[in-house]
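So you can see what is in the structure, the chains are spelled out below.
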Amino acid sequence: MLNQLDSVPPSVLQTVDRVNVWSIAETRQYVANQFGQAQLELVTPSLNALAKRQDYARYHYQEVLRLLGAFQHSHLSAEPLLMVVFGEDRSARGEFELVMTQIGAHALACVMSIHAIADVMAFAIHQTLGYGLRPSAPRERDVSAQSVQAALQRTPAHIPLAELLAKLCADPNYKHVAALANKSKHQGLVKPSLNEDMLGTRQDCHQVRFLAFKHGSKFYPETELGALLEPAYKAASQVVVDVGNQLNAVLAMNAVEFSPNAGTGRESQG
């Protein structure tokens, strides 16, 4: 079963309802029965990656929180951030720079893992339904969330899968994560900063924040790390489960429609 957030505090990248799960084992069995072992071997890495990308996102997010908490305890419990950064203690300044490098690396790695989910999921759909076996199949490198959405729209039974992919790609937080990932990957890093509330007007005195940036023609405002990543992760995790269950429903329908007992020995081609 693909189940979210085992042994993770509920405040850290919120889990979806635990009764809402996807049986990957069932998917694998359908693929093996309908398309053969060779196709199953192509599908399996993508199915595994959908789980691992979520694991990696959680790990990197938790590391950001751990590093921030440790630095707060060692340096910010008695002095304000400005004194640590610009004071006479050079060792404190060095530790600040080091922890911000570590936090930045983990924050961007979390972003990249969440961003990858849509395209990995699209590739998993593509192979699970046998689209890659078709003579007109695109090159693997050309398979993306957008291309798979368009392909799924041509088969009525597959339209719900296209709609689920579109739902994730249209989610505002996920779009912000995607823009942040692409900006950082292709143009320049959108580095996190550490923000301190000097007035005591918010619950969290110290926040890790992604700075504002522009990607293409769209402006993305400065945002607190958790306020962006938690809902984006939750949206992606939910769609992964929904897509998995929809895949199993389609494959189950194919198994009935093309079984020998239904009057034909043909295998389904998705």
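This model, assessed by the stated rule, comprises five salt bridges. With its nearest N and O atoms 3.6 Å apart, the salt bridge here joins Lys-52 to Asp-55. Separated by three residues within a single helix, Lys-52 and Asp-55 lie in helix α2 (residues 37–76), roughly one turn from each other. Put simply, Arg-139 and Asp-142 hold a salt bridge, and the shortest N to O gap is 2.9 Å. Overall, Asp-142 belongs to the partly exposed group, its relative accessible area being 35%. A single salt-bridge network, built from bridges that share partners, covers Lys-52, Asp-55 and Arg-58.

With that settled, the discussion passes to the pairing of strand β2 (residues 206–210). Of all five residues in β2, five are buried; the element is thus mostly enclosed. Across the two faces of β2 the burial is the same, with His-206, Val-208 and Phe-210 and Gln-207 and Arg-209 all buried. Bridge count between strand β1 (residues 192–196) and β2: five bridges; the pairing is antiparallel. Bridge pairing in β2 links Asn-195 to Gln-207. Inspection of the sheet shows β2 paired to strand β5 (residues 223–224) by two bridges, in the antiparallel sense. By the bridge assignment for β5, Phe-210 is matched with Thr-223.

What follows deals with the sheet that holds β2. The sheet built from three strands is open, its strands ordered β1-β2-β5 with antiparallel pairing. Two strands bound the open sheet, and with one partner strand each, they are β1 and β5. The strands touched by helix α4 (residues 90–128) are β1 and β2; relative to β1, the strand with the most contacts, the crossing angle is about 120°.

Glancing now at the nonpolar core. Among soluble globular proteins, nonpolar side chains are generally buried collectively. Membership of the largest hydrophobic core comes to 72 residues, with the highest contact counts inside it found for Ile-114, Met-121, Ile-125, Leu-129, Leu-152, Phe-210 and Leu-229. Of all the elements in the fold, those that place two or more residues in this core are α1 (24–35), α2, α4, α5 (145–152), α6 (159–170), α7 (172–186), β2 and α8 (225–257).

Mapped onto the elements of the fold, Gln-34 is located in helix α1. For Gln-34, a relative accessible area of 6% gives the class buried. At a separation of 2.7 Å, a polar atom in the side chain of Gln-34 contacts the main-chain carbonyl oxygen of Leu-251.

Any two aromatic rings considered together are summarised by their centre-to-centre distance and by the angle between their planes. Under the definition given, this model contains two aromatic pairs. Aromatic pair Phe-71 and Phe-96: ring centres 6.0 Å apart, planes at 50°, arrangement tilted. With Phe-71 in helix α2 and Phe-96 in helix α4, the pair connects residues that are 25 residues apart, well separated along the chain. Overall, the relative accessible area of 14% leaves Phe-96 in the buried class. We note Arg-134 situated over the ring of Tyr-131; from NZ or CZ to the ring centre the distance is 4.0 Å. Over the ring of Tyr-220 we find Lys-218, and its NZ or CZ is 5.4 Å from the ring centre.

Here we take up α5. Regarding α5, the residues found buried are Ala-145, Val-148, Gln-149, Ala-151 and Leu-152. Buried positions in α5, seen along its axis, are confined to an arc of 165° and lie on one side of it. Where α5 is buried, its residues meet α4 and α6.

About the criteria used
- Residues numbered from 1 in each chain as written.
- Predicted model: local features only at pLDDT ≥ 70, side-chain atom pairs only at ≥ 80, totals over all residues.
- Heavy atoms only, no water.
- Salt bridge = Lys/Arg side-chain N within 4 Å of Asp/Glu carboxyl O.
- Helix = DSSP H or I, 4+ residues; strand = E, 2+ residues; numbered from the N terminus.
- Buried < 20%, exposed > 50% of the residue type's maximum accessible area, 1.4 Å probe, protein only.
- Pairing = 2+ DSSP bridges.
- Contact = heavy atoms within 4.5 Å.
- Axes fitted to C-alpha atoms, helices over the stretch in contact; angles between N-to-C directions.
- Core = buried A, V, L, I, M, F, W, Y, C linked by side-chain atoms within 4.5 Å.
- Polar contact = N/O pair within 3.5 Å; in protein donor to acceptor, adjacent residues only side chain to side chain.
- Phe/Tyr/Trp six-rings, centres within 6.5 Å; stacked < 30°, edge-to-face > 60°.
- Lys NZ or Arg CZ within 6 Å of the ring centre and 35° of its normal.
- Arc of directions from axis to C-beta.

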